[in-house]
Amino acid sequence: MLKVEGVSHSYYKQSWLTRGGQQVLHEITFEWRRGECLGIIGESGSGKSTLGRLLLGIEKPDAGTVRYDGQPVTRRQTRRGAISAVFQDYRSSIHPFYTVQEALMEPLRLLELEASPRRLTELLDQVGLTPAYLAKYPHELSGGEAQRVCIARAVATQPQCLLLDEAISSLDGSVQMQVLRLLQELRSTLDLGYIFITHDIQAAAYLCDRVMIIQQGRIVELVETAMLPHVRSPYARELLRKVMG
Amino acid sequence: MRLLQRLLQDKPAVLSLSIVAVTMLIGLAAPLIAPHPPNLVHMELRFAGASWSYWLGNDHLGRCVLSRLIYGIRPSVLWVLVALLASAGLGACVGFLSGYYRGRLDAWLMRLCDVMLSFPGYVMTLAIVGILGAGMTNILAAFVLMKWAWFARVTRTAVMQVADADYVKFAKVTGASGLRIMTRYIAPVAAPDLAVIASSTYGSMILQISGLSFLGLGIQAPHAEWGMMMNEARSVMFTRPELMLVPGLAVIVLVSAVNFLSDSLQKALDPKLMHAMRSDKPGAVLGRWLRGRGRKEAA
Amino acid sequence: MNVLEVEQLRIWQAADGQGQDADGRALVSGSSFAVKQGQCVAIVGESGSGKSLTCKAIMRLNGGSLRQSGRILLGGVDLAELPLQEMRGYRGKRLCMIMQSGMSAFDPSQSVGAFLQSVLQVHYDWPRSQMQESLAVAMLSVGLREPLAVLRRYPHELSGGMLQRLMIALAIVLEPDVIIADEPTTALDAVTAYEVVEQFVQLRERAGGAMIFVSHDLGVVRRLADEILVMKDGEIVERGDTQHIFTAARHPYTRYLVSSKEELSRHYTQLMGGRTDAQG
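Residues numbered from 1 in each chain as written. Chains lettered and ligands numbered in written order. Predicted model: local features only at pLDDT ≥ 70, side-chain atom pairs only at ≥ 80, totals over all residues.

Asks: I would appreciate a short explanation of the overall build of chain C in the present structure.
Replies: A count of helices and strands for chain C gives 11 helices and 11 strands. In terms of overall size, chain C behaves like a compact globule, its C-alpha atoms giving a radius of gyration of 19 Å where 280 residues would be expected to give roughly 19 Å. In terms of its C-alpha atoms, chain C occupies a principal-axis envelope of roughly 60 × 55 × 35 Å. With 280 residues in all, chain C has 46% of them scored as buried. (Helix = DSSP H or I, 4+ residues; strand = E, 2+ residues; numbered from the N terminus. Rg over C-alpha atoms; globule rule 2.2 N^0.38 Å. Buried ≥ 20, exposed ≤ 12 C-beta atoms within 10 Å, placed from the backbone.)

This is the structure we're talking about:
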């Protein structure tokens with residue numbers, strides 16, 4: 001379980017002489033329970049990317065705590081394998097000099113898990129790719145294929161929580177659908193939970209059980225997906241309306 | 001290794017590489033190769049021309065020019081290499097720490113670099129040598145002191161370009177340590193930039209050492225060094241031009257070879273072509289690259 | 001009345017600059033289509049379909065090793081035959097392009113106002129005050145408040161959505177015959193994309209010119225387009241009016257694209273109890 005309490009964070013100006021910043025998140029508090037799929041919806045500039053980084057523990061919040069099973073998430077030991085991530089830019093998510101095989105083996109080697117060819121083939125198979133992809137380089141893959149490799153790599157350590165930071169936003173329309181379906185499948189086969197950060201309400205509504213709407217660093221709504229039609233706040237209603245089918 | 005293969009396809013590169021490699025090997029094996037001891041004085045052979053036992057003749061003290069040339073490789077080429085590696089190594093460490101960890105550490109280190117870089121190179125080297133006294137070790141120390149800041153800056157830029165990449169983020173999330181990330185992910189990408197800069201600096205360092213020795217600030221007599229050989233030949237420049245030409249040509253040839261090698265290295269390490277190196281048919285690569293660009297623009 | 005006609009447009013990549021096909025296959029093979037006055041034609045396709053290349057080919061912006069053939073008739077004049085000097089005169093005034101990335105369309109070292117004015121100066125002889133005024137009016141109509149303050153800003157200070165609106169405002173002032181929009185909403189978040197598409201709808205209605213709108217997002221296209229061309233691997237595999245494409249498409253690829261989109265939006269509409277703007 002991931003517990004976020006009173007998290008606030010600011011961006012500091014680059015200069016080392018002045019301290020002055022822009023507050024990006026204000027008193028964020030919520031929980032993610034094992035196995036659930038939580039969507040975090042916000043426009044650009046809402047602070048959702050910053051929140052993503054804080055949830056992953058690669059940055060420490062200025063105020064408040066993010067704990068996973070009671071331990072702070074910034075400690076590498078807490079995260080090891082339990083939390084993983086897939087990012088928006090599939091082109092820069094895999095090191096350009098590494099083949100798919102090497103990229104998949106990295107997290108396995110790091111956590112001293114089985115990294116046999118059998119296991120790698122199994123991983124690729126789960127995301128719908130053939131073993132032939134093992135020898136390919138990232139620039140030889142299409143967007144959808146590259147993102148699948150990133151998903152395979154993220155689930156390699158058998159995490160409990162997979163954070164998807166705008167993971168489908170850079171993909172073409174029909175490929176987005178393919179990946180969404182894949183994510184749904186994996187959720188049941190691997191007993192995974194997701195934190196799905198996105199600006200696309202339709203995708204979040206499709207995939208998630210619960211949905212959180214952020215505006216300028218504050219939580220505006222936090223409801224079960226089924227309750228979305230009944231939200232009260234004007235911002236949320238506007239957001240739900242401005243959807244192109 | 002593919003890099004070597006690529007490099008070997010380039011004819012000037014092969015030539016340059018051979019010249020530099022052979023020179024270094026000769027320098028290392030100087031005692032085995034040089035026909036005569038370099039410092040052995042034969043006053044009766046002063047200014048003798050080329051002969052069968054003294055292929056390049058003798059200098060103003062009757063010493064064998066060829067042997068001095070060979071022994072001169074050691075300070076002029078090999079010791080400079082050591083200084084280069086020390087300087088680049090120190091600079092790279094600073095650059096890595098600065099570029100990866102950022103924040104306060106980065107700010108302080110970069111201010112330090114700015115201070116070092118604001119001093120004009122040659123002048124500072126002269127000043128340091130003036131303070132510490134002439135001599136090879138002092139000059140090399142001065143070099144390391146002056147050049148590390150530049151390597152640090154270059155490395156830092158290369159590191160910063162990579163440190164924000166998503167694959168680094170993923171490694172952090174999975175729990176990789178800073179050191180692991182730096183060595184496995186960032187170093188391979190930053191190394192080409194550093195290699196190119198280092199190889200081009202090598203040429204200028206050789207020239208500087210020879211220049212300083214020519215001025216009398218470098219290695220002290222009676223040791224052999226190319227710049228110093230030119231200095232000693234100054235007084236007989238017009239009567240015995242070969243005494244100045246021989247070490248001078250040696251410097252020119254070697255530095256040109258180093259510079260050519262540096263250019264070829266840069267071409268071979270071009271990131272766009274790095275992808276090409278690792279794929280199959282060359283013709284298909286360009287098409288794929290273009291399509292890759294097209295894809296980015298569409299998505 | 002056809003404002004723009006494209007006949008047998010073929011784009012290939014020259015290997016060794018010899019004019020020979022590299023793989024023996026063209027990037028875009030023999031496309032033909034036409035755009036009428038007041039009509040919006042959408043070109044839909046996924047990465048690698050050749051839709052962006054087609055747009056750039058009309059503006060003759062494909063450089064490097066790309067070659068093209070075919071006729072591009074704008075009001076009777078074949079753009080493909082024009083010398084580059086004349087072509088430049090056409091760009092902006094007759095053919096205006098709105099690009100995907102606002103950031104790369106503007107000069108980062110100038111304020112947006114200075115840049116827009118320099119563009120206008122190429123085509124019009126107006127004094128500065130008149131330029132500023134028309135820009136301000138156009139900017140208000142696309143929803144940019146305090147236009148003069150915005151014009152003083154630099155591109156990196158403005159959001160993607162605002163930069164897109166600026167490009168639309170420029171198009172309004174230039175009053176071109178054809179507006180070509182190359183994936184203008186792809187890099188924007190859902191809400192901003194919605195608002196920008198609204199602007200495009202209004203632009204269509206007031207400008208009365210012709211529009212070519214390229215996107216991979218069928219939702220956007222549905223709101224905006226009269227006619228849709230579906231491209232795959234450099235070929236137009238299907239064409240028809242919007243209604244037809246979304247309800248009775250023939251080509252399997254089109255049906256695949258439409259059904260992918262439908263699945264997502266149907267789920268959403270059902271969730272929201274049918275109370276959304278989805279059908280536009």
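Asks: When you look at the sheet that holds strand β11 (residues 235-241) of chain C in this model, what are you seeing that I'm missing?
Replies: For sheets, the rule is that strands pair by backbone hydrogen bonds, running either parallel or antiparallel. All names here are of chain C. Pairing is mixed across the open sheet formed by 6 strands, whose spatial order is β7-β8-β9-β4-β10-β11. Here the strands that pair on one side only, and so sit at the sheet edges, are β7 (95-98) and β11. Ignoring which end each strand starts from, the neighbouring axes of this sheet average 15° apart. Bridge count between strand β4 (residues 40-44) and strand β10 (residues 227-232): 4 bridges; the pairing is parallel. (Pairing = 2+ DSSP bridges. Axes fitted to C-alpha atoms, helices over the stretch in contact; angles between N-to-C directions.)

Asks: Got a minute to help me understand the pairing of strand β8 (residues 178-182) of chain C in this structure?
Replies: Remember that side chains alternate between the two faces of the sheet whenever the strand is regular. Residues and elements named next belong to chain C. Of all 5 residues in β8, 5 are buried, a share of seventy percent or more. The two faces of β8 match: V178, I180 and D182 on one face and I179 and A181 on the other face are all buried. Where β8 meets strand β9 (residues 210-215), 5 bridges bridge the pair, whose relative direction is parallel. Its bridge partner being in β9, A181 is matched across the sheet by F213. Handedness of the crossover joining β8 and β9 through helix α8 (residues 190-207): right-handed. (Right-handed = clockwise from strand over helix to strand, strands pointing away.)

Asks: Could you clarify how one ought to interpret the packing of helix α6 (residues 173-190) of chain A against helix α11 (residues 252-271) of chain C in this entry?
Replies: The description of two helices packed together rests on the angle between their axes and the distance between the axes. The interhelical angle for the contact between α6 of chain A and α11 of chain C, taken along N-to-C directions, is 55°, at an axis separation of 9 Å. In terms of orientation, α6 of chain A lies oblique with respect to α11 of chain C. As for how α6 of chain A packs across α11 of chain C, the hand of that crossing is left-handed. On α11 of chain C, the residues touching G173, S174 and M177 of chain A of α6 of chain A are Y256, L257, S260, K261, E263 and L264 of chain C. Taken together, the residues that form the contact of α6 of chain A with α11 of chain C break down as 4 nonpolar, 3 polar and 2 charged. (Parallel < 35°, antiparallel > 145°, perpendicular 65-115°, else oblique. Left-handed = near helix turned anticlockwise from the far one by under 90°. Contact = placed C-beta atoms within 7 Å. Nonpolar A, V, L, I, M, F, W, Y, C, P; charged D, E, K, R; others polar.)

Asks: Explain the packing of helix α5 (residues 143-155) of chain A against α6 of chain A to me, please; I cannot follow it from the model alone.
Replies: Residue and element names in this part refer to chain A. Packing of α5 against α6 brings their axes to within 10 Å, and their N-to-C directions diverge by 20°. Judged on the interaxial angle alone, α6 and α5 are roughly parallel. Considering the relative orientation of α5 and α6, their crossing is right-handed. Contacts between α5 and α6 involve G143, G144, Q147 and V155 on the former and, on the latter, V175, Q178, V179, L186 and L190. Grouping the constituent residues of the contact of α5 with α6 by class yields 5 nonpolar, 4 polar and no charged.

Asks: Is there a simple way to explain the confidence of the model for chain C in this structure?
Replies: When pLDDT drops low, the exact placement of atoms in the prediction is not to be read closely. The pLDDT averaged across chain C works out to 85; a share of 94% of its residues lies at or above 70. This stretch, residues 276-280 of chain C, has a pLDDT under 50; its non-local contacts, to residues over four places away or in other chains, come to 14 contacts. (pLDDT = per-residue confidence, 0-100.)

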